[in-house]
Structures are given as C-alpha cells and as structure tokens.
Amino acid sequence: MTRESWTTRTGFILAAVGSAVGLGNVWRFPWMTAENGGSAFLLVYLALVLAVGVPGLLAEFVIGRRSRRNPVGALASLSDSDRWGVVGLLPVVTTVLLLSFYSVVGGWILRYLVASASGAYFDAPGPYFESVSFGPAAVGYHAVFLLLTAGIVLAGVRKGIELATKVMMPAIAALLVGLAAWAATLPGAAGGFEYFLAFDLGYLRANFASVLGAALGQALFTLSVGAGTMITYASYLGEDRSLPADGATIAVLNTLVGVVAGLVVFPLLFAGDLPVGGSGPGALFVSLASAFATLPGGRVVAVVFFAVMTLAALSSSISMLELPVAYLADEHGVARRDATAGLSALFLVLGAVNALRPAVFDFVASTLVDLLLAAGLLAFLLFAGWVLGRDAVEEFREGAGSLGDALATPWLFVVGVALPVFLIFTVITGVLGIAGVSLGTGAVVGLTAAAALAAFAALRRAGSVV
Ligand code: PFF
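Residues numbered from 1 in each chain as written. Predicted model: local features only at pLDDT ≥ 70, side-chain atom pairs only at ≥ 80, totals over all residues. Heavy atoms only, no water.

1. Brief notes about the overall build of the protein
Okay, step 1: A count of helices and strands for the protein gives 21 helices and 0 strands.
Okay, step 2: The C-alpha atoms of the protein give a radius of gyration of 21 Å, which matches the 23 Å a tight globule of 466 residues would have.
Okay, step 3: Expressed as lengths along the three principal axes of its C-alpha atoms, the size of the protein is roughly 65 × 55 × 45 Å.
Okay, step 4: Expressed as a percentage of the 466 residues in the protein, the buried residues total 56%.
Okay, step 5: Considering only contacts within the protein whose residues lie at least 6 apart along the sequence, 84% involve residues at least 24 apart.
Okay, step 6: As presented, the protein carries roughly 17100 Å² of accessible surface, and 68% of it is formed by carbon and sulfur atoms.
Okay, step 7: Charged side chains of the protein number 22 positive and 25 negative; the gap between the two group centres comes to 5 Å. (Helix = DSSP H or I, 4+ residues; strand = E, 2+ residues; numbered from the N terminus. Rg over C-alpha atoms; globule rule 2.2 N^0.38 Å. Buried < 20%, exposed > 50% of the residue type's maximum accessible area, 1.4 Å probe, protein only. Contact = heavy atoms within 4.5 Å. Areas by Shrake-Rupley, 256 points an atom, 1.4 Å probe, with all protein chains shown as cover. Lys, Arg positive; Asp, Glu negative; His and termini not counted. Charge placed at Lys NZ, Arg CZ, Asp CG, Glu CD.)

Put into structure tokens, the structure is as follows:
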C-alpha cells in the first residue's frame, strides 16, 4: 500500500491549523480562562504556547517527517526498538480518549446549531442545556458528529482531510472576524475586553501553581501537541518544507483564532450581563445561549456562531481519528475503509459512555486529557532529544535554510533537557493534585529532580545516542 502525502504546503499547514483550531479555542479556552482568574490566565497561556507548545510541535514534526509513519511505527522504526513502539501506543490511547469526549461536545454543538435556527433554547437556556447535555439524545448527536468525522477521514489524506480543511479554515476565519466586529458594537463590550485582556497579577501570584498547570494543559490542547496527531500529519510531508517556519505559522494562526474567539465570547457575555465565572463545561453554552436570546439579531448570530464551532470541531476531530487509522494501516495493513469503520464503532461506544456519565466526561475532558498530553509530549521530547539527537538536528534543518541552522541546536537543548524537567514537574504536581496529596514546593522540586535523573539514566542504559 503506498502512503499518501499532502498535495501542497498550504494543504499541510491548513490541515495542521485545522487540528489545532477547535473547541479548544472557542469553548475550552474561555472555560479555562474563566476558571483561572480571567486575564491572569491569558499571559501565562501565551508564554507557554511559545515556550513549550512550539518546540513540542517541532519535535512531533521532526519525528513524523523523518519516519513517515504513525507514532507507534515512528518511535519503533527510528529507535530500532520495540520498546519505544510500546511508548508509541500512548498517543493511540490519548487520541481515542480525546475523541470519545470531543465527539460528545461536537454533538452538543450540532444540536445548538439546529436549535439556534428555531430559537428552541431562548426561553430557558439553563434547563435546555441540562436536558440535552447528557443522556440518550446526547448519544444521538454524538453519533452524527462522529459520522461526519468518519466521512472525511474515509475519503483519505488528500481528498478528505486536505480538501475539507482547505474549505473550512478560510470559512472559520471570515465568520469569526465578522462575529468579533459585531460583538465589539454591543453595549457593555468594553467590560468583556477588560476582563479578558487586563492582566491581573494579583490573582496570578496567589494561584501560580494551579494557573500554570491549567495553562500548560490548555497550551498543549489548543496546539494539538502531545497526542501524536502532529507526528501523523507530518508523516505525510515531503522534505522540502521548513519545519520551524511551518510550526511558527501554525502557532500564530491558532493563537489568533483563540484570541479572536475570546473577543467574541467575552463581550457577548458582558453585553448580556451574564456570569463569566460560572464553572464547568456547560457554563459557556448556557451563558452564550442567554446572550443570543436577548441581543438584537441573536438568532442569526447564534446560527453563525455554532456553524463556526461545528467547522472548528470537525477540523480537529478528523486529526484524532486519523492517528489510529494510520496506525492500523501502517502497522497492521488494515485498509483505510475498514480501519475507519471499526474505529468509529469503538468511538460510538466510548462516546456514549461520556454522553451518559457526566462524571466520566468531566474527568476525561479536564484532567485525564491534560495529563496524557503532558506525558505524551514528554515521551516525544525525550525521544527527539536523546534517541534521535543529532538526527533530529539534521531533520530540523532540512529545508529550513538559515533559520534552521540558527535554531536547531538551541531547540535540541530545550527539547532534550529544559522542557522534560518542566513537564516532569508539572505532571508530578498534577498527579499529586488528583490524588489529593499536598506537598511543599521543596518536596516537589526534589521529586522532580529524582524523576528527571531516573529518566535520563534509563535513556542512557537503553542505549540512546547521547
Ligand atoms: N487542538 C484541538 C482544539 O483546540 O480543539 C484539540 C486537539 C486536537 C487536541 C487534536 C489534541 C489533538 F491531537
């Protein structure tokens, strides 16, 4: 079976931006911002996108393009060791879990798209969300969303993913800018801008650890880093692109969409005089629905808004499904059609569990996914930095001109040493938090140092190149 590749450079960039731009930008970002002190969150998040997200994205690109394989095959073939292949299964698990809850939210959005046209939720936004979010109806809409996702993936890399994102991404950009222009004219919009953009140092000081953890999780989630989807997408690349230039473009475009989405959501909430601090995944749905119900032209705007959300969600969910499909195709010779069908059946069931059990959904969507992305990224960083080593530098420079020459070595240090230590620290803090254990900073730093030394020693023993 010959492996597909992207038709054009723009095709790859739009597909990767499509994976990045999603519910993370429009739904999870305002939710996380509201739960973490508003503007205090924004700056930390932006810093982490730059310092962690972009180098991590490039590590995935390097692994993907060098191997031309899915994450399992990539780690196994580049290291010549099946043990790394086992580590490569982590992204398969991550994307499966991701899609199992993402598809449920995709279903909510489809439902709201339909209901916006009739104004079904205008009278009682809160009870409406309660009645549709979890239960048999949510399972149905999740199934429809999944079917749309599978339809695109089934058509292949070029005719499915590339073509779909080429149409979707410009549409999202145009509609979102239109929405932001409209939102800026609303009375009360200024309060929304201030909440979102005025940096609140006091809050940050008092809650640094929790803001840091949440911002890191969001930075990885929004860039689709740590799940291996970017390895998969880069595996369909030719040699002639500049990875750092493409990575920077993708990060900038994704961040722009996130910020513009914030410029839509927060003014809307403030104009409607609605609580922004409401916590939980449903708060945004309820608040926005209330805003649409009361504002002039709300019905039309609601349809446009949920259309944007639907496109954004689909352009991401296809990347989640593509990873296990590529794995089955590359490693087990399963035809794309059979792989897509079989996996869709699995997702149907897993999504249904999330759609029927709010506690499962909450845990997967806000905690488990953060941890899995951080753990996955850690594996990719150590792999690029310590197993590929000089080969990673070579791959990074390939097609990247003088920019690649200048950045390759500093990048390898960041990827091999600085970020792993930072991630180990964050994962330890996160796991302790989940377990309800609170240790002092000194103890956590000690644990981090011990874990980092153990990881590096294990790499040496495993015969890594460095
Ligand atoms: N980046 C997507 C979003 O912001 O909605 C979510 C995502 C897609 C995360 C793909 C991870 C992934 F592999």
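2. Some thoughts on the nonpolar core
Okay, step 1: Counting residues in hydrophobic clusters, the biggest one holds 153 residues, and the most contacted among them are W27, F101, Y121, F292 and F305.
Okay, step 2: Ranked by residue count, the leading element in this core is helix 18 (residues 358-388), at 16 residues. (Core = buried A, V, L, I, M, F, W, Y, C linked by side-chain atoms within 4.5 Å.)

3. Some details on helix 16 (residues 298-332)
For an α-helix, 3.6 residues make a turn, and residues three or four places apart therefore share a direction.
Okay, step 1: In this model, helix 16 (35 residues) spans 50 Å end to end at C-alpha, consistent with the 51 Å of a helix rising 1.5 Å per residue.
Okay, step 2: Counting buried positions along helix 16 yields 25 of 35 residues, so the element is predominantly enclosed.
Okay, step 3: G333 occupies a position one or two residues after helix 16 and carries a positive phi of about 65°. (Expected span 1.5 Å × (residues − 1).)

4. Focus: empty space enclosed by the protein
Okay, step 1: Per the stated rule, a full pass over the model turns up 2 cavities of 30 Å³ or more.
Okay, step 2: For the largest cavity, the calculated volume is near 130 Å³.
Okay, step 3: Along the walls of the largest cavity sit 17 residues, with S19, L98, F221, S224 and M320 positioned nearest its centre.
Okay, step 4: Those elements that place two or more of their residues in the lining of the largest cavity are helix 1 (9-20), helix 2 (23-35), helix 6 (89-118), helix 12 (208-223) and helix 16. (1 Å grid on protein atoms, 1.4 Å probe; cavity = no way out; pocket = protein on both sides within 12 Å on 5 of 7 lines; lining within 4 Å. Points joined across faces, edges and corners; volume = space filled by probe spheres on them.)

5. Focus: the layout of surface pockets
Okay, step 1: A volume near 850 Å³ is recorded for the largest pocket.
Okay, step 2: If you go around the largest pocket, you meet 34 residues; those closest to its centre are A209, S210, G213, T429 and G430.
Okay, step 3: Sorting the residues of the lining of the largest pocket by element identifies helix 2, helix 12, helix 18, helix 20 (401-435) and helix 21 (441-461) as the ones contributing at least two each.
Okay, step 4: Residues belonging to the lining of the largest pocket are distributed by class as follows: 17 nonpolar, 14 polar and 3 charged. (Nonpolar A, V, L, I, M, F, W, Y, C, P; charged D, E, K, R; others polar.)

6. So, the site of the ligand
Okay, step 1: Residues in contact with the ligand amount to 16 residues; listed here are only the nearest, A20, G24, Y102, F221 and T229.
Okay, step 2: A distance of 3.1 Å is found between an oxygen atom of the ligand and a backbone nitrogen or oxygen belonging to L23.
Okay, step 3: Separating a nitrogen atom of the ligand from a side-chain N or O atom of S224 is a distance of 3.0 Å.
Okay, step 4: In isolation the ligand offers 340 Å² of accessible surface; the protein chains occlude 100% of this area.
Okay, step 5: Here the ligand occupies the largest cavity.
Okay, step 6: Taken together, the residues that form the shell around the ligand break down as 7 nonpolar, 9 polar and no charged. (Near = heavy atom within 4 Å. Polar contact = N/O pair within 3.5 Å; in protein donor to acceptor, adjacent residues only side chain to side chain. Sits in = over half its atoms within 2 Å of the grid points.)

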